[in-house]
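This is what each chain is made of:
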Amino acid sequence: MISLEYQIGQVVYSKSGHDKGDVQMIVGMEGDFLLLADGRRRRLEKPKRKKKMHVQPTLSVEEEVAAKLREGAYVLDADIKKALKKYREVRNV
């Protein structure tokens, strides 16, 4: 089994739940749980709390958004939405 380290700003896919298959971004971590947001249904004010085993990590990390989140700088839901849209466009090409 390959163990990938999760990090803030990383793009992940949900593997279970009502949001199965959705692309989301890690905006925080709490022990065995990840805090996920997508900028639309799940906003930064109320991120989805999901166990690590219920997400599929990708190798994509949005460094610009990740740096802002780590520094505690002001991040908009639009920033996350834009980063995830860019990820989807690259994946579909």
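Residues numbered from 1 in each chain as written. Predicted model: local features only at pLDDT ≥ 70, side-chain atom pairs only at ≥ 80, totals over all residues. Heavy atoms only, no water.

**Q** Quick rundown of the overall build of the chain? Include the residues and the values.
**A** Looking only at helices and strands, the chain features two helices and five strands. If you list the helices and strands of the chain from N to C, you get β-β-β-β-β-α-α. Here the chain has a C-alpha radius of gyration of 12 Å; the compact-globule value for 93 residues is 12 Å, and the two agree. When contacts within the chain are restricted to residue pairs at least 6 apart in sequence, those whose partners lie at least 24 apart make up 49%. Just so you have it, the chain exposes about 6,200 Å², and 51% of that area is on carbon and sulfur atoms. When the 20 basic and 14 acidic side-chain charges of the chain are each reduced to a single mean position, those positions are 6 Å apart. (Helix = DSSP H or I, 4+ residues; strand = E, 2+ residues; numbered from the N terminus. Rg over C-alpha atoms; globule rule 2.2 N^0.38 Å. Contact = heavy atoms within 4.5 Å. Areas by Shrake-Rupley, 256 points an atom, 1.4 Å probe, with all protein chains shown as cover. Lys, Arg positive; Asp, Glu negative; His and termini not counted. Charge placed at Lys NZ, Arg CZ, Asp CG, Glu CD.)

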